[in-house]
Number of protein chains: 2
Amino acid sequence: MMLFFFLAIVLAAKTAQADFDGPVIVNQIYLLRPQYGSGGRNGVTCLSWRFGVETNNIIDWETVPEECALYVGNYMLGQQYRQDSKAVVKEAYRYAKSLILADDGKDVWIFDIDETTLSNLPFYARYGFGVKPHDAELFNEWVLTESAPALPESLKLYKKLLALGIKIVFLTTRNEDKRHATEDNLLIAGYRTWEKIIFKQDSNYSITAVEYKSAERKKLEDAGYKIVGNIGDQWSDLLGTNTGCRTFKLPDPMYYVS
Amino acid sequence: MMLFFFLAIVLAAKTAQADFDGPVIVNQIYLLRPQYGSGGRNGVTCLSWRFGVETNNIIDWETVPEECALYVGNYMLGQQYRQDSKAVVKEAYRYAKSLILADDGKDVWIFDIDETTLSNLPFYARYGFGVKPHDAELFNEWVLTESAPALPESLKLYKKLLALGIKIVFLTTRNEDKRHATEDNLLIAGYRTWEKIIFKQDSNYSITAVEYKSAERKKLEDAGYKIVGNIGDQWSDLLGTNTGCRTFKLPDPMYYVS
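My aim in this report is to walk through the structure given alongside it, one point at a time. Computed from a predicted structure; not experimentally measured.

What about the overall build of chain A?
Regarding its fold elements, chain A presents nine helices and five strands. Scanning chain A from its N terminus toward the C terminus, one meets helices and strands in the order α-α-α-α-β-α-α-α-β-α-β-α-β-β. Counting across all 258 residues of chain A, residues that qualify as buried make up 52%. For chain A, long-range pairs separated by at least 24 residues make up 72% of all intrachain contacts whose partners lie at least 6 apart in sequence. When the accessible surface of chain A is summed, it comes to about 11,600 Å², and 55% of that surface belongs to carbon and sulfur atoms.

Rendered as structure tokens:
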């Protein structure tokens, strides 16, 4: 058991180093297990909290509860996050293979970017895995480094969908001024082609992600595209209107976007 | 640790006995942990499978994967199911308390019945916790025993909502011919009042739960009710139209209703 802990710490440190050209972060890894909450949480375990978040029962939360910091860190760096992502992608591909495509170049699959296509884990690992409030300025600096790695399971899905003849549309709440850095980062991470990348415009500053993404998906459909699938880590990627023929929710217990 | 195992087995046996007046079922309890799948499941763990099911990524499944039988049984009989339900109910009540009600007697909260209001765990414990295909005849026999216990957290929510002045509507896919047994069972289990119980009619035999429940919710709204909340264990309770101001998904890894 001690050996496992040791290996996990070393691996995490190595991963953090490989992913992000900054100081090495040594993250202590705990076995994934329910940790009982305290204070105002009435004994709700961190696993139950995660269930609540992923099923959209717990909404509009600003930060990960303090007592779940280690739990979330362990989850994100451990096997379970990867396993959960794999289960989603496996189901998404099984669905995609079953589709009878129009073969008119208008079948598209929508990918969100952050925590769906690109992983900001090297960034969040430095700032407590969502325990600290989101700092837009620091996050923007990180985006400009263009060094976010691909989510490995999402990259596999992306490649398989392309092979099936489905085109990819990236739909992100990143602002238009991040287009250059984002496109560079996607290319570096292994996403080599796309039909469109849709960025949020300044004029959409005050609307929610659900409203913005619904409106953009409607524009796609009005332009003749058929949204055969839609994948994201936030329910705001998947709810609203024009959501696509089927949606897939990737795990993300680090932050909430409404 | 051995003591924990022993206690858990004894408790499970006692619970099964208390809930259901049939032969005592002794269920061996395992610690909740990921169990790796085999065969066609490509190493997706049972915890990831559960994540997939609860987030509506994995749909239209007929039975629990064979290799997850022990995992699901342990989950249902262990603390985690109760904890997960508690987290949902806590959030639902926090939301309900925040509402400014019209106080016109038209604010309603919709409860599904099976695995939301009443627990069929004593039944499913006898038939492998969802590993075996659903047997409608056996299930109907069980319903007629009127002995399903309340889900404890749901009963708490029910009472708290009533205290806030919200009326309760039960909306179930149970057939109209089960009305008598169901109403008896609800009373025995502690649900002592309701605005309406809506059962599925023979004329609705061939439509899906989503279609049926959407249509019934629309009728409620057309009759002047405001659906302030909606809770169920299946996504088919919560998707479709007229879903209510906010929906809450209770856990259920035992079966899928489309």
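Structure shown, so let's carry the discussion forward.
Regarding the environment of Phe139(B)
Residues and elements named next belong to chain B. With respect to the element layout, Phe139 can be found in helix α6 (residues 136-144). For the pair Phe139 and Glu195, spaced 56 residues apart in sequence, the C-alpha separation works out to 26 Å. If we ignore the near neighbours within four places in the chain, the residues touching Phe139 are Asp114, Asn120, Phe123, Tyr124 and His134.

Remarks on helix α7 (residues 152-164) of chain A
Residue and element names in this part refer to chain A. If you check α7, its first and last C-alpha atoms are 19 Å apart, about what 13 residues at 1.5 Å a residue would give, namely 18 Å. Looking only at α7, the buried set comprises Glu153, Ser154, Leu155, Leu157, Tyr158 and Leu161. Turning to α7, the residues buried within the fold contact α4 (79-98), β1 (107-111), β2 (167-175), α8 (179-189) and β4 (226-232).

Brief notes about the sheet that holds strand β5 (residues 247-249) of chain B
All names here are of chain B. Reading across from one edge, β3-β2-β1-β4-β5 is the order of the five strands in this open sheet, with parallel pairing throughout. Edge positions in the open sheet fall to β3 (196-200) and β5, since each of these has one partner strand only. Direction aside, the axes of adjacent strands within the sheet are offset by 20° on average. Summarising the sheet, strand β2 (residues 167-175) and β3 pair through four bridges and their orientation is parallel.

Notes on the state of the cysteines
Residues and elements named next belong to chain A. All chains considered together, the criterion is met by two disulfides over all chains. Between the sulfur atoms of Cys46 and its disulfide partner Cys68 the distance amounts to 2.2 Å. Taking the sign of the S-S torsion, -95° for the link of Cys46 and Cys68, the bridge is left-handed. Placement of the pair is Cys46 in helix α2 (residues 46-54) and Cys68 in the loop between α2 and α3 (69-77), with a sequence separation of 22 residues. When its relative accessible area of 2% is taken as the criterion, Cys68 is described as buried.

A word on the environment of Gly240(B)
All names here are of chain B. Topologically, Gly240 is positioned in the loop between β4 (226-232) and β5. Considered as a pair, Gly240 and Asp84 are 156 residues apart in the sequence and their alpha carbons are 24 Å apart. Once residues within four sequence positions are removed from consideration, Gly240 is found in contact with Val210, Ser214 and Arg217.

Focus on the sheet that holds strand β3 (residues 196-200) of chain A
Residue and element names in this part refer to chain A. Reading across the sheet, the five strands line up as β3-β2-β1-β4-β5 and stay open at both edges, with parallel pairing between neighbours. The sheet terminates laterally at β3 and β5 (247-249), the two strands that pair on one side only. Taken pair by pair, the neighbouring strands of this sheet meet at an average axis angle of 20°, ignoring direction. When β1 meets β2, the two strands line up parallel, connected through four bridges. Counterpart to Ile110 in the pairing with β2 is Val169. Across the sheet, helix α9 (residues 209-222) lies against β1, β2, β3 and β4, angled at about 150° from β2, the strand it touches most.

Focus: the packing of helix α3 (residues 69-77) of chain B against helix α4 (residues 79-98) of chain B
Residue and element names in this part refer to chain B. Across the interface, α3 lies against α4 with an axial gap of 4 Å and an inter-helix angle of 60°. By the angle between their directions, the pair α3 and α4 is classed as oblique. Residues Tyr75, Met76 and Leu77 of α3 form the contact with α4, whose own contacting residues are Gln79, Gln80, Tyr81 and Asp84. Classifying every residue of the contact of α3 with α4 gives four nonpolar, two polar and one charged.

Focus on the pairing of strand β1 (residues 107-111) of chain B
Residue and element names in this part refer to chain B. Within β1, five of the five residues are buried, leaving the element largely enclosed by the surrounding structure. Because side chains alternate across β1, one face comprises the buried residues Asp107, Trp109 and Phe111, and the other comprises Val108 and Ile110, equally buried. As judged from the five bridges shared by β1 and β4, these two strands associate in the parallel manner. Across the sheet, the residue bridging to Ile110 is Asn230, located in β4.

Brief notes about the pattern of salt bridges
Where side chains of opposite charge bring their charged atoms close, a pairing between them can arise. All names here are of chain A. Taken as a whole and judged by the stated rule, the model has 28 salt bridges over all chains. The salt bridge involving Lys213 is made with Asp237; its shortest N-O contact spans 2.7 Å. Remark: Asp237 occurs in the loop between β4 and β5 and Lys213 occurs in helix α9; sequence separation between them is 24 residues. Neither residue differs from the other here; Lys213 and Asp237 are each classed as buried. It is possible to trace a salt-bridge network through shared partners that takes in Arg82, Glu153 and Lys156.

Let's talk about the side chain of Ser119(A)
Residues and elements named next belong to chain A. Among the structural elements, Ser119 can be located in the loop between β1 and α5 (121-126). Judged by relative accessible area, Ser119 falls into the buried class, the value being 9%. At 3.2 Å, the side chain of Ser119 forms a polar contact with the backbone nitrogen of Leu121. When residues no more than four places from it in sequence are discounted, the contact partners of Ser119 are Trp142, Ala148, Pro149 and Leu151.

A short note on the packing of α2(A) against helix α2 (residues 46-54) of chain B
Across the interface, α2(A) lies against α2(B) with an axial gap of 10 Å and an inter-helix angle of 35°. By crossing handedness, the relation of α2(A) to α2(B) is classed as right-handed. In this structure, α2(A) contributes Leu47(A), Arg50(A), Phe51(A) and Glu54(A) to the contact, and α2(B) contributes Leu47(B), Arg50(B), Phe51(B) and Glu54(B). Looking at the contact of α2(A) with α2(B) residue by residue, the classes come out as four nonpolar, no polar and four charged.

Procedures and definitions
- Residues numbered from 1 in each chain as written.
- Chains lettered and ligands numbered in written order.
- Predicted model: local features only at pLDDT ≥ 70, side-chain atom pairs only at ≥ 80, totals over all residues.
- Heavy atoms only, no water.
- Helix = DSSP H or I, 4+ residues; strand = E, 2+ residues; numbered from the N terminus.
- Buried < 20%, exposed > 50% of the residue type's maximum accessible area, 1.4 Å probe, protein only.
- Contact = heavy atoms within 4.5 Å.
- Areas by Shrake-Rupley, 256 points an atom, 1.4 Å probe, with all protein chains shown as cover.
- Expected span 1.5 Å × (residues − 1).
- Pairing = 2+ DSSP bridges.
- Axes fitted to C-alpha atoms, helices over the stretch in contact; angles between N-to-C directions.
- Disulfide = S-S within 2.5 Å.
- Parallel < 35°, antiparallel > 145°, perpendicular 65-115°, else oblique.
- Nonpolar A, V, L, I, M, F, W, Y, C, P; charged D, E, K, R; others polar.
- Salt bridge = Lys/Arg side-chain N within 4 Å of Asp/Glu carboxyl O.
- Polar contact = N/O pair within 3.5 Å; in protein donor to acceptor, adjacent residues only side chain to side chain.
- Left-handed = near helix turned anticlockwise from the far one by under 90°.

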